[in-house]
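# Examination of the molecular architecture
Now for the letters of each chain:
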Amino acid sequence: MRKSSRKVCWVLLFTFIVSTLEAGETTLSMELWNRFTQTRTKPKITADYQDVTRNAFSLERGYFGLESKFSDNIKGKFTIDLFSTDKGDKYGDGAGAKLKYAYLEFSKLIPIKDSKLTLGLDKTYFGTIYDWSYPVIEKALEDKEGVISSADYGITFSGYIPNGFGEYQLQMINGEGYSKAGKYVNVNPAGVANIRLIPLPGVSIGGSLIYEQSDTLTPTNKDWNKRVCSAGVGRLAYGPIDIWLEYLTKQYFRYYTTKEDTLTSYGLMIMPIIKLKSLIPADIDLLVRYDKWDPSMHTQNDGWSTRIAGLNWNIRQDMLLQFNWEQKNYQDTTKCPVNDFMVQLRWKFTNLLGG
């Protein structure tokens, strides 16, 4: 990690610790993802063997967080994402750090029952990305395909629908994601709306929309001056079966004086999970997932699909061992499939600092 990045993280962390010592209750937490990855790719489509292009252990994620409860209606959260990296020019010693969450949450600030107002760096409430708990090692579809970042700077109004019928969120965010700041953020914020309904126990359906427009486009640059992304989500949980569905679209618009150019992408995710805890004396889940992504509906053979098979062993509440096999296949038959085999141990702890 560069010295400047390290100094920023430690200064922010020290400031937050000092400010929370007077809070009513402060919790320190740590979550680490230790992973082994082996990647194999066929050098030629006719080859009967595969080259190993990666074979390594890594720390893919290390969340270090503090959460403080100032009162019954005010709490704050601060999280740093630590990770191992091969970006030597940016992080000279093989490790990196970035802010993940940093916000204050106010309950009962607005006279609407079960509502909250959040200010700062918070989750992006879109599709499945905000409640994605990584049942497979792969990211949520919208995160994996770069549709939207999992967190962003802004303001969020959220609440619950009465009688347990669901939840809703409205956001105004930068739109560039939590890893972009300063000159990398344009002057036009993005609006996000999300709703998740629970019409029956074990059944949930929902939809999300993000809209962002920019007036900075000129006919000579390659930027888009409007984007509209949407997601439809469904989930069915019955007994040991838990099925996730998501349909995702992304549209970028570019305007000229005489015409409009549009890029439309779409994707699909299907993920059934079988929980074996009720059948065997171990808390084990079997998972499969299928993704399809088409970057441009106007271009032939430019898409890909991903198949994932996994096993999760919940060793204890704070420790999870995951095995995943993932294969990416391209519509372009000149590109060879890529196979990833991953083993990951996720573990975490929490400690109450004051109260």
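Residues numbered from 1 in each chain as written. Predicted model: local features only at pLDDT ≥ 70, side-chain atom pairs only at ≥ 80, totals over all residues. Heavy atoms only, no water.

### Regarding the overall build of the protein
What the protein contains, in helices and strands, is two helices and 16 strands. The burial tally for the protein puts 41% of its 355 residues in the buried class. Summed over all atoms, the accessible surface of the protein reaches about 19,500 Å², with 59% contributed by carbon and sulfur. (Helix = DSSP H or I, 4+ residues; strand = E, 2+ residues; numbered from the N terminus. Buried < 20%, exposed > 50% of the residue type's maximum accessible area, 1.4 Å probe, protein only. Areas by Shrake-Rupley, 256 points an atom, 1.4 Å probe, with all protein chains shown as cover.)

### Things to note about the packing of aromatic side chains
Following the criterion strictly, the structure yields seven aromatic pairs and no others. With a centroid separation of 4.8 Å and 70° between ring planes, the pair formed by Trp 33 and Tyr 134 is classed as edge-to-face. Taken together, the residues Trp 33 in strand β1 (residues 25-41) and Tyr 134 in the loop between β5 (115-123) and α2 (141-144) connect sequence positions 101 residues apart. Each member of the pair, Trp 33 as well as Tyr 134, is classed as buried. Measuring from centroid to centroid gives 5.0 Å for Tyr 125 and Tyr 130, while their planes differ by 50°, and the two rings are tilted. Each of the two residues, Tyr 125 as well as Tyr 130, counts as buried. Residue placement shows Lys 226 over the ring face of Phe 253; its charged tip is 4.5 Å from the ring centre. Looking at Lys 328, its charged tip hangs above the ring of Trp 304, at a distance of 4.5 Å from the centre. (Phe/Tyr/Trp six-rings, centres within 6.5 Å; stacked < 30°, edge-to-face > 60°. Lys NZ or Arg CZ within 6 Å of the ring centre and 35° of its normal.)

### Thoughts on the nonpolar core
If you look at the biggest cluster of nonpolar residues, it comprises 25 residues, and the most contacted ones within it are Phe 126, Trp 132, Val 136, Ile 210, Leu 248, Met 269 and Met 271. Contributing elements (two or more residues each) for this core: β8 (190-200), β10 (226-238), β11 (241-255), β12 (260-275), β13 (284-294) and β14 (304-316). Counting residues per element, this core draws most heavily on β12, which supplies three residues. Excluding residues within four positions of it along the chain, Leu 248 makes contact with Phe 126, Leu 141, Glu 142, Val 147, Ser 230, Ala 231, Ser 265, Tyr 266, Gly 267 and Trp 293. (Core = buried A, V, L, I, M, F, W, Y, C linked by side-chain atoms within 4.5 Å. Contact = heavy atoms within 4.5 Å.)

### Let's talk about the confidence of the model for the protein
In this model, the protein carries an average pLDDT of 88, and 86% of its residues clear a pLDDT of 70 or more. This stretch, residues 217-221, has a pLDDT under 50; its non-local contacts, to residues over four places away or in other chains, come to six contacts. (pLDDT = per-residue confidence, 0-100.)

### Concerning the pattern of salt bridges
Applying the stated rule across the entire model yields 16 salt bridges. Glu 67 is the salt-bridge partner of Lys 75, the closest N and O atoms lying 3.5 Å from each other. (Salt bridge = Lys/Arg side-chain N within 4 Å of Asp/Glu carboxyl O.)

### What about unusual backbone geometry?
Its identity as a non-glycine residue notwithstanding, Lys 108 has a phi of 60°, on the positive side. Note that Lys 108 resides in the loop between β4 (95-107) and β5.

### Overview of the pairing of strand β6 (residues 151-161)
Sheet analysis places β5 next to β6, joined by nine bridges and oriented antiparallel. Along β6, the bridge assignment pairs Ser 115 with Gly 159. As judged from the eight bridges shared by β6 and strand β7 (residues 166-173), these two strands associate in the antiparallel manner. By the bridge assignment for β7, Phe 157 is matched with Leu 170. (Pairing = 2+ DSSP bridges.)

### Observations regarding the side chain of Ser 68
Of note, Ser 68 is situated in strand β2 (residues 51-71). Ser 68 gets classed as buried once you look at its relative accessible area, which sits at 1%.

### With respect to the side chain of Arg 196
For Arg 196, the position within the fold is in strand β8. Separated by 2.9 Å, the side chain of Arg 196 and the backbone oxygen of Gly 127 make a polar contact. (Polar contact = N/O pair within 3.5 Å; in protein donor to acceptor, adjacent residues only side chain to side chain.)

### Describing the environment of Ser 204
Along the chain, the position of Ser 204 falls in strand β9 (residues 203-213). The exposure class assigned to Ser 204 is buried, which follows from its relative accessible area of 11%. Linking Ser 204 and Phe 165, residues 39 residues apart in sequence, is a C-alpha distance of 9.0 Å. Once residues lying within four places of it in the same chain are set aside, the contact partners of Ser 204 are Leu 197, Ile 198, Pro 199, Val 233, Gly 234 and Arg 235.

### Observations concerning the environment of Thr 333
Along the polypeptide, Thr 333 turns up in the loop between β15 (319-330) and β16 (338-354). In sequence terms Thr 333 and Asn 301 are 32 residues apart; their C-alpha atoms lie 8.4 Å from each other.

### A closer look at a nonpolar patch on the surface
A cluster of nonpolar side chains, namely Leu 245, Tyr 247, Leu 268, Ile 270 and Tyr 290, defines an oily patch on the protein surface of about 410 Å² accessible area. At the level of elements, β11 and β12 are the ones that each hand at least two residues to the nonpolar patch. One can find Tyr 247 in strand β11. (Patch = residues over 30% accessible without salt bridge, like charges linked within 9 Å, V, L, I, M, F, W, Y side chains within 5 Å.)

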